[in-house]
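Commentary on secondary and tertiary structure
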Amino acid sequence: MANLDDLIGADNPLYEKRKGVYPKSVDGFFRRFKWAIMAVTLAIYYVTPWIRWDRGPHAPDQAVLVDLANRRFYMFNIEIWPHEFYYVAGLLVMAGIGLFLVTSAVGRAWCGYACPQTVWTDLFQHVDRFVDGDRNAQIRLEKAPWGPEKIFKRLAKWSIYLFIAFWTGGAWIMYFADAPTLTVDFWTGQAAPVAYATVGVLTATTFIFGGFMREQVCVYMCPWPRIQTAMMDEKSLIVTYREWRGEPRGSVKKAETQPGAFGDCIDCNQCVAVCPTGIDIREGPQIGCITCALCIDACDSVMEQIGRPRGLIDYLTLDDVATEKAGGTAHPTLKTLFRPRTLVYFGIWCLIGLAMLFTLGQRTRLDLTVQHDRNPLYVQLSDGSIRNNYTVKVRNMETRQREVELVVKGLPGAVAWTSTGTRETATDRVKVSVAPDTVQKVRLFVVAPTEGSARTDFEIQAVALTGNERGDSDSVRFERPETGQ
Amino acid sequence: MAKKPGDDTQRIDQPTGTAFVGHEWDGIEELNTPLPRWWLWTFYLTIIWALAYVIMYPAWPLVDSATKGMLGWTSRGQLAAEMQAADVKRAPLVNALAAIPVEQLVADQKLYQGAVAGGAAAFKVHCVQCHGSGAIGSKGYPNLNDDDWLWGGDIAAIHYTLTHGIRNPDHPETRVSAMPAFDGVLTPSEIASVVGHVQSLSGKAKPNAKGAELFATNCASCHGADGKGLREFGAPNLADGIWLYGGDKATLTETVKYSRQGVMPRWNDKLDAATIKMLAAYVYSLGGGEATPAAAAPAAAPATMEAKAANGQP
C-alpha cells in the first residue's frame, strides 16, 4: 500500500488516511452488558432458523421462514400471506417508533449495542485481541516490518475473519429455505445459485465492513447517526464528559502538589484507548460516538484506583449537564426515562402492537376478492339477458382441502356458473374445491335478466362447507346497458 | 469575492484544528475535510470499471454502427437468447397441446388453463384488430363473449373457424356461404316487407303477412321457417337479440338489398397448430362456449339451437 501512497502522495489533501483504532480491552458494567447483548443477538441470529415447528403435511416445519418462492412468511404459529403484508409493514412501523423511543430515552443505544455493524465489529476486535494481543501489542505489530510472525498472525486473523464472515452469510440464507435441507444442498452443490451468491456477498461485506472498515461505516456510510441526532433532545441520556469536574487536567502528582488547581481528569487517555471508534469523548458529543459507554467503564476503574468519585464520564442528559454546571444535582436516571415524549412514543408503539394482535386474532382463513371484468363490462346474450364476468380469488389459508360455496346475493333472478360448469346447470350458488394453502382463481359468469337498473350492487359470499368457521364476502357491481334493447 | 486558492492553506481553523482551503464566500470559509482514502479508491475503481465496460461492451457510436465490444454482446442477441429460452420453457405446453385432440382439451383442466393463458396473449397480437381487446367485436365483427354463434360455439367448431377462416377465396376448406343480394330480385316495397317480418321475429315490429310469405319463399331455406338460422350455412338466428350488423330498419334493408359477406383470415398459414389451439381455448373460455357434442359439430347444431329455444326468447 505504501507504493500507492507515494503515487497519490501521502500528504495529498484529496483524501484522509484512516487512523488505526486499536481499542484496549476493558471490564465493567457496560462491557458486560455489551457482552450479554452480543451473545443474545448472535444466538438469535444463528439459532432461529433451526427451530422446528410442526404445521402438518402441507406447510414447512421451520418456525421462522421467509418462503419467497411460495410467497409465504411463517413465524411460529402465524402464517402471513402476501395480501397480509401490512403485518410486516406494521412491524416495520413498530421498529421505527421503537427506535424513536429508545433514541429519545437513551440516545444512540441501538448504535452502541444492537447494530449488526457494532456487534460484528466488536466480535472482530476480540479476534484482534485473541491473535495479536491487546492494544499495545496490536500497535507494535502494525508498525513492525513484515516478517514470519506478522505474516502468520495476519493470515491467522484474516482466516478467522473469513470464517466468521462465511458463517454470517451462511446463517442468513437459512431463513429463506428449510435449514437442514439447505445445508446439505449447499455443501453438495445443489442449492440455488442465489443462495451461493447471497453467501458470497454477505461473506464479502462482513469481512470488509467488520474486519477493515469498522468505524468508517458508522461515520461515513451510515445514515442513522445523522437521523438519530434529530431524534434526540436535551433530555436524552448520552455519554458525557463532566468537563467542569475534569478540567483542567493534571496528573495525580501535580494535583497533590497544587491542591485545587486541577480537575479530576488525570489525562490518562484510557477513555480514548478503549473507544471502538477511536474518538475522544472529552471533546464533547460527536458523530463518531456510538454511546457504547466503554469509556465510562475505563474511566470509572481509573477513578476507583486513584480514589476519586466515579462518573467523570457518565450517561447524562444535556439538561443535567447545565444543571450540574450551575451547581445543582442531576435527575435520577430512571426519572429521565419517563417524560411526555417517551411516553407518547411508547403509547403509539403499544397501540400499533395491540391493533396488530387484535387483527391477527380476528382474521379469517378463508378470504375472497372479486374483480369485475372491465372489458367487456357486460355481455348481451341471445335471449336478451345480460351476463357479467368476474374474476374471483378464493384464498384457502388453512392446510387442508376445503369445499367452498360461492353464493350470489342481492341480485334478483341471477344465476352463476364457473368455467367448469355451463349455463344449463347454473344456480345462485357455485361449489368450488380449494386445495390446501392455495389461492383458487375462478372465473364466475353471472347472468341476470335485462330488466333492472343499469348498475346494481350485490354481494358474492364465500361459505365454507367444511367446518363452521367464518367465510368472507365481497361487494361487486352488476352492469347492464343504459337502455334495454 | 472568492479569494485566490493557495493564499492561506497553511492557516488553521482553531476550534477544529483543520486547515483552510482558501475559498471564501460572503464570510463563509471552506475547511479542508477530505474524503477517507477508501472512498477515493472506490472512485478510482469506478473509473477502471467504466473503462473496462467501454472495452467489453458496445460503447462508442460510429457513423453507421458502434464499437462492437470484446464480449460480442448485443441487445438483439440477448433478445434472441431470451426468446429461445422462453420457447424452451413453453415447449412442454406446446407439445402437450399438439398431442391432444381439441375436443378433449377442456377436460384436461390444467392444460386447458395453460392454453387459455397462451391464447389470451396470442389474441392480443392477432385478433384484437377486428374483435377488439375484450373480444367484444363491433359492427360486422362478432362479439366472441356472447352465446350466439354463426358456425358453432363448441371448441371444435371454434378451432375449425380459426384454422380455415371464413370466405377465404383460395382455400377449399374454408367456411363459406353466400347470401343473395335481393336488390333487383325483390322490389323496394317487398324488401321493406321482408325487413318488417324479420324485425317481428324478435318482437321489434308487428307481424307482417306479406313479409312472412316472401320470407318463406326467399329466406327460409337458409334461415329456417322460424328465422332461427342454420349453422351449416352460417346463417344467423334472426329471432334473437343479437345483430352482427344491426337490427334497425335501415341496416336490415341494406343487408337484404346487398347481402353481407364478412371475411376472416385462415390462421393455419400464419400460426402454428399449438397457437391456434390456444386461441380456440381462449375464445371458448370467454363464457359463450358451448358443450362439445358427441358427434360431429355441424350435426349437433340444431340440437343446440333447440336447447337455446328452450331457454326462451325475450
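- Looking at an unreviewed UniProt entry, one finds chain B named Cbb3-type cytochrome c oxidase subunit and attributed to Sphingorhabdus pulchriflava.
- Chain B has a UniProt comment under Function (unreviewed entry) that states "C-type cytochrome. Part of the cbb3-type cytochrome c oxidase complex."
- Recorded in UniProt under Subcellular location (unreviewed entry), the annotation for chain B is "Cell inner membrane".

- Labelled according to an unreviewed UniProt entry, chain A appears under the name Cytochrome c oxidase accessory protein CcoG, originating from Sphingorhabdus pulchriflava.

**Quick look at the overall build of chain B**
- Assigned secondary structure in chain B consists of 11 helices and four strands.
- Considering only C-alpha atoms, chain B reaches an extent of 115 × 50 × 45 Å along its principal axes.
- The contacts in chain B between residues at least 6 apart in sequence include a share of 53% that link residues at least 24 apart.
- Accessible surface, chain B: about 17800 Å² in total, of which carbon and sulfur atoms supply 63%.

**Examining the nonpolar core**
- Formed by 34 residues in total, the largest nonpolar core has its most connected members in Leu105, Phe123, Ile155 and Leu162 of chain B.
- For this core, the secondary structure elements donating two or more residues are helix H3 (109–126), helix H5 (155–164) and helix H10 (273–285) of chain B.
- When residues of this core are assigned to their parent elements, the largest contribution, nine residues, is made by H10 of chain B.
- Sequence-distant contacts of Leu162 of chain B, that is, excluding residues within four places in its chain, are made with Met264, Pro265, Arg266, Trp267, Asn268, Ile276, Leu279 and Ala280 of chain B.
- Grouped together as the second largest cluster of nonpolar side chains are 26 residues, Val370, Leu406, Leu444 and Val446 of chain A included.

**Description of a nonpolar patch on the surface**
All names here are of chain A.
- Nonpolar side chains collect at one region of the surface, where Trp146, Ile151, Leu155, Trp158 and Phe212 lie side by side and expose about 510 Å² of accessible area between them.
- For the nonpolar patch, the leading source of residues is helix H7 (residues 148–173), giving three residues.
- One can find Trp158 in helix H7.

**Section: the sheet that holds strand S3 (residues 28–31) of chain B**
All names here are of chain B.
- Strands sit in the order S1-S2-S3 across an open sheet of three strands; the sheet is antiparallel. The sheet is open, and its two edges are formed by strand S1 (12–13) and S3, each paired on a single side.
- By the bridge criterion, three bridges tie strand S2 (residues 18–25) to S3 in an arrangement that is antiparallel. Residue pairing in the sheet places Trp25 in a bridge with Ile28 of S3.

**Considerations on the UniProt feature "domain: Cytochrome c" (unreviewed entry) in chain B**
All names here are of chain B.
- Sites flagged by UniProt as "domain: Cytochrome c" (unreviewed entry) map to residues 114–202 and 206–287.
- Between the C-alpha atoms that bound residues 114–202 there is a distance of 39 Å. The span itself is 46% helix and 0% strand.
- Taken end to end, residues 206–287 is 45% helix and 0% strand, and its two terminal C-alpha atoms sit 33 Å from one another.

**Side note on the UniProt feature "binding site: heme c 2" (unreviewed entry) in chain B**
All names here are of chain B.
- As annotated by UniProt and renumbered to match this structure, "binding site: heme c 2" (unreviewed entry) occupies Met179, Cys219, Cys222 and His223. Taken along the chain, the residues just named run across 45 residues; in space they keep tight, none of their C-alpha pairs more than 10.2 Å apart.
- By the element assignment, Met179 lies in the loop between H5 and helix H6 (188–201).
- According to the relative accessible area criterion, Met179 is partly exposed, its value standing at 26%.
- Sequence-distant contacts of Met179, defined by excluding residues within four places in its chain, comprise His223, Thr255, Val256, Ser259 and Gln261.
- Positionally, Cys222 belongs in helix H8 (residues 220–223).
- Ignoring any residue separated from it by four or fewer positions in sequence, one finds Cys222 in contact with Gly229, Leu230, Phe233 and Ala235.

Procedures and definitions
- Counting restarts for each chain, with residues numbered from 1 along the sequence as it is written.
- By the order in which they are written, chains take letters starting at A while ligands take numbers starting at 1.
- Restriction of local features to residues with pLDDT of at least 70 applies here, the model being predicted, together with a cutoff of 80 or more for giving and counting side-chain atom pairs; totals for whole chains, interfaces and linings are based on all residues.
- To obtain the side-chain values, all non-hydrogen atoms of the structure were used and water was disregarded.
- UniProt positions are given in the numbering used here, feature names are shortened, and annotations may be inferred rather than shown by experiment.
- Secondary structure follows DSSP: runs of H or I at least 4 residues long count as helices, runs of E at least 2 residues long count as strands, and numbering of each begins at the N terminus.
- Throughout, a residue-residue contact means that at least one pair of heavy atoms, one from each residue, lies within 4.5 Å.
- Each accessible area value is a Shrake-Rupley result obtained with a 1.4 Å probe; residue values ignore everything except the protein chains displayed when judging cover.
- We call a set of buried residues a nonpolar core when its members are Ala, Val, Leu, Ile, Met, Phe, Trp, Tyr or Cys and they connect through side-chain atoms within 4.5 Å of each other.
- Each residue is assigned to one of three classes by its accessible area relative to the maximum for its type, calculated with a 1.4 Å probe on protein chains only: buried under 20%, partly exposed between the two thresholds, exposed over 50%.
- Residues enter a patch when their relative accessible area is above 30% and they make no salt bridge; the linking distance is 9 Å between like charges and 5 Å between nonpolar side chains (Val, Leu, Ile, Met, Phe, Trp, Tyr).
- One speaks of a salt bridge when a side-chain nitrogen belonging to Lys or Arg is within 4 Å of a carboxyl oxygen belonging to Asp or Glu.
- DSSP bridges decide pairing: two strands pair if at least two such bridges lie between them.

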